[in-house]
Structure formats: C-alpha cells, structure tokens
Amino acid sequence: PKIWKVAVENGKTGFGPYDIDFTRLTFIVIALNGVFYAIQKYATDQTMVQRYLTAKSDKSAIRATLMGAILTVPVWMLFMFIGTALFVFYHFRTGILPADTRPDGVFPFFIMNELPAGVLGLVISALLAAAISTVVSGLNSLVAVSVTDFYKRWKSDKSDKHYLRVSKGLVVVAGLLAVLTSSLYLLSGNQEVLKVMFVLYSIFSGGIAGIFLLGFFFPRANTEGLTVAIIFCILFTAYAILTSTTIGDDTNQRLILDLGSLNFSQNKLMLGVYTHLIILGVGWGSSCFFSRKEVSKSLLYTGWLEAKKEGKV
C-alpha cells in the first residue's frame, strides 16, 4: 500500500533506535521498562486484582491474563499504525497541521478537523467513556486499599457507614489531585502523555514489582530485609531525580543537585528497571542478616507449583 511505502521512505515504520544506550529513549530502554511495568500491572495493580477475583477459578483468571497480554500486541500495533497513517495523511496535506503541534496532539487535531459531525460525536463519546472507566477503576482501587489497609488499622472500631463516608471523601481528594497533576502537565506544554506517564510510573511505582517478585520467588526474604531494600530504593530514586532534573527557564537551566560526574545520566525510564532490581538484590541480601521466618507455601511460587501438580489450581 502507498501508506506503507511513504512511511518506509521517511523512516516511520521502526521502533528504533535499537542501539544499547541507556541514556537515550531507545527500543531497549522502552522494552526493559515495559517488562517490569507489565509485571507490576498484572501482578500487583489493584484494578487487575479486582478483575481476577471475579473469575470463576484460578484457571479462568490465568486464561484471562494470558488473553489480555497476547491481545496487547495487536492492539498496540493498531495504535502505532494509526500514527503512521496520520503522518502520511499530513505528509501530502502540508500546511494544515500547526507547526507547534506535539506528536500526541496530531490525532486529536485530526478528529476535531477531519471527521464529520456525527462521527466526531461518537468518537468523543467513546473517548470520554473509556477515560471515565479508567479513572473510576483507579480511584476505586486507590480508596479501597487506603481504607482497608491503612485507615481501618487506625480506626478499627467504626461502622461500615463511617468507612463509606471516608471512602467518598478520599475519592474527592484523589480526584482533585488527579486534576491538579493533569493541569501541571498541560502547563508544561512540551511533553508527550505516554512519556510523562511512564516517567511518573518509574518514580512513584518503582520497586512494587520487585517487592512482589521478592516475596513470591524467595522464601528467605523477610520484612526486615524488605524494609532495608525500600529505604535503599527511595534514596536511589531521590538521587536520580535530583541529579537529572533541571529547573529554571530556557536561558538559565540548572540541575536541582549537581554532583558532576556522579549525576544520574541515564534515561528516567530506567528508574522503572533499577528500582525493582534494587529491591530484589538488596532485599534478598539484607534478609540473610535477619532471622528466617516460616511463610505459608501457598504464598510462594514453589507452593503454587505443588498445588498445580495436585490439580488444585
């Protein structure tokens, strides 16, 4: 097809650069970050766990997870092809797309200016429905964890009505924080949505997948060792952010903390890799300095394998 031919001629069909360079946004950096992001998403994310609990059995939950993971590939390929098609469309229709349009602003511009009125309404309705469903599930999961795992430990003698009121209040607070965060993004004006999302994930969710892997695969791990690992992880993340983030205007930019050659010079997405590895390595090593504690085999990978052999899973 002509779309593909034009895209190939202009270098819009690859996933590169493919060189092993952790200082730039390369395919390797995105792939490594994506592996740990997928583990964190499918193994520890409350929105996914809630879906697992609706399955009839463990096998049904596993099948649903595999189906979701497999379908991710063609879905993302479709998204990428849309971007390629848009490039070809505006390649031949020069002068229509504003010069200052960000890459993630091309599709919204196309929707608003090229689709007929009826189709435009349907697309916007679908986008709003998808956005609302995602936000609602995230807020619900955040509040459920906050109330169940934290607030109830502090106020354990309250009624369900009281917990419901607290949950509603937390939803409002979390919603306002989400609006504030998105507003700050809009004010920044020059960052793509996906890049910002993955960087924020790397900073605030860093280590969660490592905690899961440490507890699931290493029986020797214990709470004390994990605590030491979390402290190391927080310190490393703070160091990386402070020594790689610039402040000031375009004419006078400076690092928040300049340590010279010791500055964190790699792409921020690599935080989504290193933090998990720190949790695994430091957590396992530190656990060896504390007394070993017995844990239920049902919580370990080895226990899951035994249950599978016995036909219980």
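See the structure above.
This text gives an overview of the structure that appears in the document.

Counting secondary structure elements, the protein chain contains 12 helices and 2 strands. Counting from the amino terminus, the protein chain carries its helices and strands in the arrangement α-α-α-α-α-α-α-α-α-α-β-β-α-α. Counting only C-alpha atoms and orienting by the principal axes, one finds that the protein chain spans roughly 70 × 55 × 45 Å. Counting only contacts in the protein chain whose residues sit at least 6 apart along the sequence, the fraction spanning at least 24 positions is 65%. Counting every atom, the protein chain has about 20700 Å² of accessible surface; 68% of that belongs to carbon and sulfur. Side-chain charges in the protein chain split into 28 positive and 19 negative, and the spacing between the mean points of these groups amounts to 8 Å.

The next thing to look at is the packing of aromatic side chains. What characterises a pair of aromatic rings is the spacing of the ring centres plus the angle enclosed by the ring planes. This structure, assessed with the given rule, holds 16 aromatic pairs. When the centroid spacing of 6.5 Å and the interplanar angle of 85 degrees are considered together, the rings of Tyr239 and Phe264 count as edge-to-face. Here Phe264 lies in the loop between β2 (254–255) and α11 (271–287) and Tyr239 lies in helix α10 (residues 223–242), a separation of 25 residues in the sequence. The class of Tyr239 is partly exposed, set by a relative accessible area of 26%. The ring of Phe87 carries Lys12 above its face, with NZ or CZ at 5.1 Å from the centroid. Across the ring face of Trp154, the terminal group of Lys155 is positioned such that the distance to the ring centre comes to 4.9 Å.

This part takes up the packing of helix α9 (residues 208–217) against α11. Helix packing geometry: the angle between the two helix axes and the distance between the axes. Contact pair α9 / α11: the axes reach a minimum separation of 7 Å and the direction vectors enclose 35 degrees. At the point where α9 passes α11, the crossing takes the right-handed sense. Mapping the contact onto sequence places Ile208, Ala209, Gly210, Ile211, Leu213 and Leu214 in α9 and His276, Ile279, Leu280, Gly283 and Trp284 in α11. Grouping the amino acids of the contact of α9 with α11 by side-chain chemistry returns 8 nonpolar, 3 polar and no charged.

The end-to-end C-alpha distance of α11 is 23 Å, a good match for the 24 Å that 17 residues give at a rise of 1.5 Å each. Of all the 17 residues making up α11, 12 are buried; the element is thus mostly covered by neighbouring parts of the structure. Among the residues of α11, those classed as buried are Leu271, Gly272, Val273, Tyr274, Thr275, His276, Ile278, Ile279, Leu280, Gly283, Ser286 and Ser287.

In this section: the packing of helix α3 (residues 46–53) against helix α6 (residues 117–154). Where α3 meets α6, the closest approach of the two axes is 8 Å, and the angle between their N-to-C directions is 90 degrees. Taken together, the axes of α3 and α6 are roughly perpendicular relative to one another. Listed contacts from α6 to Gln46, Thr47 and Gln50 of α3 are Ser137, Gly138, Asn140, Ser141 and Val145. Its residues assigned to classes, the contact of α3 with α6 comprises 1 nonpolar, 7 polar and no charged.

In this section: the pattern of salt bridges. Tallying each qualifying case throughout the model produces 5 salt bridges. The salt bridge partner of Arg24 is Asp19, with a shortest N-O separation of 2.5 Å. By relative accessible area, Arg24 is classed as partly exposed at 37%. With a relative accessible area of 34%, Asp19 lands in the partly exposed category. Between Glu306 and Lys297 there is a salt bridge whose closest N-O contact spans 3.3 Å. Residue classification places Glu306 among the partly exposed residues on the basis of a relative accessible area of 37%.

A few words on α9. Within an α-helix, residues lying three or four positions from one another point in the same direction, as the helix has 3.6 residues per turn. Within the sequence span of α9, burial applies to Ala209, Gly210, Leu213 and Leu214. Angularly, the buried residues of α9 cover 135 degrees about the axis, an arc narrow enough to put them on a single face. For α9, the elements touching its buried residues are α2 (27–44), α10 and α11.

Right, let's talk about the nonpolar core for a bit. Among the nonpolar cores identified, the biggest contains 12 residues, and these are Val29, Phe36, Val199, Tyr201, Ala240, Ile241, Phe264, Leu269, Met270, Leu271, Val273 and Tyr274. Contributing elements (two or more residues each) for this core: α2, α8 (193–204), α10 and α11. Among the elements that line this core, the one with the most residues is α11, at 3 residues. Sequence-distant contacts of Met270, that is, excluding residues within four places in its chain, are made with Phe22, Val29 and Leu32. In terms of nonpolar packing, the next biggest core, distinct from the first, is built from 8 residues, Leu214, Ala229, Ile278 and Ile279 among them.

Structurally, His162 is set in helix α7 (residues 160–188). Here the side chain of His162 touches Tyr151 through a polar contact of 2.7 Å, side chain to side chain.

Criteria and thresholds
Residues numbered from 1 in each chain as written. Predicted model: local features only at pLDDT ≥ 70, side-chain atom pairs only at ≥ 80, totals over all residues. Heavy atoms only, no water. Helix = DSSP H or I, 4+ residues; strand = E, 2+ residues; numbered from the N terminus. Contact = heavy atoms within 4.5 Å. Areas by Shrake-Rupley, 256 points an atom, 1.4 Å probe, with all protein chains shown as cover. Lys, Arg positive; Asp, Glu negative; His and termini not counted. Charge placed at Lys NZ, Arg CZ, Asp CG, Glu CD. Phe/Tyr/Trp six-rings, centres within 6.5 Å; stacked < 30°, edge-to-face > 60°. Buried < 20%, exposed > 50% of the residue type's maximum accessible area, 1.4 Å probe, protein only. Lys NZ or Arg CZ within 6 Å of the ring centre and 35° of its normal. Axes fitted to C-alpha atoms, helices over the stretch in contact; angles between N-to-C directions. Left-handed = near helix turned anticlockwise from the far one by under 90°. Nonpolar A, V, L, I, M, F, W, Y, C, P; charged D, E, K, R; others polar. Expected span 1.5 Å × (residues − 1). Parallel < 35°, antiparallel > 145°, perpendicular 65-115°, else oblique. Salt bridge = Lys/Arg side-chain N within 4 Å of Asp/Glu carboxyl O. Arc of directions from axis to C-beta. Core = buried A, V, L, I, M, F, W, Y, C linked by side-chain atoms within 4.5 Å. Polar contact = N/O pair within 3.5 Å; in protein donor to acceptor, adjacent residues only side chain to side chain.

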